[in-house]
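Close look at the chain arrangement
Listed below are the residues making up each chain.
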Amino acid sequence: MSPVFPMLTVLSMFYYMCLRRRARTATRGEMNSRRAIESNTRALPINVEIVQYAKEVLDFSSHYGSENSMSYTMWNLAGIPNVYPSSGDFTQTAVFRTYGTWWDHCPSARLPFKRTPTSFCSQDYVELAFEEQVYPTAVHILETYHPGAVVRILACSANPYSQNPPAEVRWEILWSEAPTKVNGPQARQFTPCIKQINFPTNLIRVEVNSSLLDYYTELDAVVLHGVKEKPVLSLKTSMIDMNDIDEDEDEEKYGCGMDTLNKQFSIVTLREWPTNGYFDKLPYELIQLILSHLTVPDLCRLAQTCKLLYQHCCDPLQYIHLSLQPYWARINDTSLEYLQSRCTLIQWLNLSWTGNRGAISVSGFSRFLKVCGSELVRLELSCGHFLNETCLEVITEMCPNLQELNLSSCDKIPPQAFNHIAKVGSLKRLILYRTKVEQTALLSILNFCSELQHLSLGSCVMIEDYDLIASMMGAKCKKLRSLDLWRCKNITENGIAELASGCQLLEELDLGWCPTLQSSTGCFANLARKLPNLQKLFLTANRSVCDTDIEELAANCTHLRQLDILGTRMVSPASLRKLLESCKDLSLLDVSFCSQIDNRVVLELNANFPNVFIKKSFTQ
């Protein structure tokens, strides 16, 4: 046979491969609500792109709004936009609880956990369910005020509307980036370049970091674009960035590390060298110090190198402070079981965001604390929806030295379970934000936990009589330094009087959105006189705050650093000048929607007091 024919055959195959590649990378047209991606060479099955707004908000870590209304709540993210493309401060949007670094510079601020990987910077999250499962091609987030907080978008393999829960729940990062400073508060449609995943999803999680923002970020809607059939990877999809490759590799390694800790730590075929080189010359303590700068997954990997480092990586002294929150998507009962032998001396433990959708069971959590709870001083369990009464009972029995307990947004714990907390008499910090704690249980806690210094009861809607609670605080909690009563609906001047008389060490008090407090009763002036150590005072949305209250603060609370009087109609520029002249340490002043304080006054005050951040939001 002529050599020409093999050559023609090769050329034909090459031409065929080119056509195949061209078909896969066919140019796509403009995005419509539904569009077909068609091959340039031959008819392929039409894969129509589906565009969906969120059907339902499933879970979130915090919000500015109330549990009993829609204003400023995460539930506003369900459905079509309410505000976009308008910019400004609108009640119909979703707003998280904090912004900037102000909450990190007040008496209630908590020390951060070490060993948190730099790639994890999320502070809050919201999880959204969509009608149909799709392979995501784009995610649009409509930000209507102070954009730039979104740092991570994830997709989940579990269908929240399926009757049969999957055996394994997978989370994949679609996009991730460090927080960025966006110039200006104007609205925008944020459309990051997402990566393709190999499973369909109708559950999207958005994580935010508001530390660089000048004010609260407001989100209006989330739009999910996707196709029903798995798309073929193409050069048109996105350019590959080397940083993305590194992040993906780290994510896979972290996942592997957290899911197979037992395998990694129990390698029996580790190579044993005659000597360990320079490591034999280093003191044990110095090696421990060096390893203390590694993240938990790095320790897992290092433990596989040799027996000497395996011994160091398994030393319980490496796990005195342990935060598993950065790895929330991969922590399960098996992970906790693998960690037990290494956490016998643990003092700080952060399990916030972990264990949901069946990843951690009550029995798995209980077994871990029975082995590792005796030395625990600080326990963070924010958004732990697996927690129930048994878990709280185990905590109080197994953690006799516990001083700090965070149950923020653990809204699945039944009301009667909180009675167990009263057994932990050593508690100094208790965070019950957005929980179902009831009055009887809280009175018992206050009666027996007299060492309390920091207490958060924000958005605890099941407490019937806050005056009675305030009276018990005044009688029993003499060491209280910070108190969060954000959106408590029924405290009056009587409760404030009892609180101010009994808790005179208070340095931080949040009475934002407490509508039953009226300045005409003298309650705010009384606070100012009785609490000279106040550094932070939030009187947000109390329209009755007046010049007399501001002048009392100026005269008595000279250490004041943060003041929020958003929404008052009764405060004049003159009283604010007195306050700013008297309170030399004041750094934050929120006068949004204060009818007598217009933009001209704000500019004047900014010029005269440049060290004070004066906030005034707007509505377009």
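Residues numbered from 1 in each chain as written. Predicted model: local features only at pLDDT ≥ 70, side-chain atom pairs only at ≥ 80, totals over all residues. Heavy atoms only, no water.

1. Describing the confidence of the model for the protein chain
Put simply, the test is: Per residue, pLDDT measures the predictor's confidence, with a range of 0 to 100. Whether two residues are in contact is decided by their heavy atoms: any pair within 4.5 Å suffices.
Within the protein chain, residue pLDDT values average 88, and 86% of them lie at 70 or more. Note on residues 1-11: pLDDT is under 50 here. Beyond four places in sequence and across chains, it has one contact.

2. Regarding a nonpolar patch on the surface
The condition that has to hold: In this analysis, a patch consists of residues with relative accessible area above 30% that form no salt bridge, clustered at 9 Å for like charges and at 5 Å for the nonpolar side chains Val, Leu, Ile, Met, Phe, Trp and Tyr. Here the open area of atoms and residues is found with the Shrake-Rupley method and a 1.4 Å probe, where only the protein chains shown may cover a residue. Just to be clear on terms, a salt bridge is a Lys or Arg side-chain nitrogen sitting within 4 Å of an Asp or Glu carboxyl oxygen. Remark: exposure states derive from per-residue accessible area (1.4 Å probe, protein chains only) relative to the maximum for the residue type, with buried under 20%, exposed over 50%, and partly exposed in between.
Nonpolar side chains collect at one region of the surface, where Phe279, Leu282, Leu286, Leu289 and Ile290 lie side by side and expose about 410 Å² of accessible area between them. Assessed through its relative accessible area of 33%, leucine 286 is described here as partly exposed.

3. Overview of the layout of surface pockets
To keep things clear, this is the line we draw: Cavity means a closed set of points on a 1 Å grid over the protein atoms alone, one where a 1.4 Å probe fits but cannot get out, pocket means an open set with protein on both sides within 12 Å along at least 5 of 7 lines, and lining means a residue has an atom within 4 Å of a point. Grid points are joined across faces, edges and corners, and a volume is the space filled by probe spheres set on the points. Helix numbering and strand numbering both begin at the N terminus, where a helix is a DSSP run of H or I of at least 4 residues and a strand a DSSP run of E of at least 2. Only Asp, Glu, Lys and Arg are considered charged, only Ala, Val, Leu, Ile, Met, Phe, Trp, Tyr, Cys and Pro nonpolar, and every remaining residue, Gly among them, polar.
Put simply, the second largest pocket is a space of about 1400 Å³. For the lining of the second largest pocket, the elements supplying multiple residues, two or more each, are strand E12 (378-380), strand E14 (429-431), strand E15 (454-456), strand E16 (482-484) and strand E17 (508-510). Of the residues assigned to the lining of the second largest pocket, the class counts are 15 nonpolar, 18 polar and eleven charged.

4. Focus: the nonpolar core
As a reminder of what qualifies: Joining through side-chain atoms within 4.5 Å is the link that ties buried Ala, Val, Leu, Ile, Met, Phe, Trp, Tyr and Cys residues into a set, and such a set is a nonpolar core.
Core analysis: the largest hydrophobic core is formed by 108 residues, its most contacted members being Leu407 and Leu579. The element best represented in this core is helix H10 (residues 439-448), accounting for five residues. For leucine 579, the residues in contact, after removing those within four places along its chain, are Ile550, Leu553, Ala554, Leu560, Leu563, Leu586 and Leu589. Membership of the second largest hydrophobic core comes to 31 residues, among which are Phe60, Leu77, Ala149 and Ala155.

5. Details of the packing of helix H12 (residues 493-502) against helix H13 (residues 523-530)
Note the threshold: Axis lines are fitted to C-alpha atoms, over the contacting stretch for helices. Their N-to-C directions set the angle, which ranges from 0 to 180 degrees. Here the angle decides the label: under 35 degrees means roughly parallel, over 145 means roughly antiparallel, 65 to 115 means roughly perpendicular, and every other value means oblique.
Running from amino to carboxyl end, H12 crosses H13 at an angle of 0°, the nearest separation of the two axes being 10 Å. Taken together, the axes of H12 and H13 lie roughly parallel to each other. Of H13, the residues touching H12 (which contributes Glu493, Ile496, Ala497, Ala500 and Ser501) are Cys523, Asn526, Leu527 and Lys530. A per-class count over the contact of H12 with H13 returns five nonpolar, two polar and two charged.

6. Concerning the packing of aromatic side chains
What counts is decided by this rule: For Phe, Tyr and Trp, where Trp contributes only its six-membered ring, two rings pair if their centres lie within 6.5 Å, and the inter-plane angle classes them as stacked under 30 degrees, edge-to-face over 60, or tilted in between.
On inspection of all chains with the given rule, the structure shows 20 aromatic pairs. Measuring from ring centre to ring centre gives 5.9 Å for tryptophan 103 and phenylalanine 538, while their planes differ by 80°; the resulting arrangement is edge-to-face. In this pair, tryptophan 103 sits in the loop between strand E3 (94-95) and strand E4 (124-145) while phenylalanine 538 sits in strand E18 (residues 536-538), placing the two residues 435 residues apart along the sequence. Its relative accessible area of 2% is what places phenylalanine 538 among the buried residues. Between tyrosine 145 and tyrosine 215, the aromatic rings sit 6.3 Å apart at their centres with planes inclined by 80°, giving edge-to-face as the arrangement. In this pair, tyrosine 145 is assigned in strand E4 and tyrosine 215 in the loop between strand E8 (201-208) and strand E9 (218-227), connecting sequence segments 70 residues apart. Classification of tyrosine 215 as buried rests on a relative accessible area of 4%.

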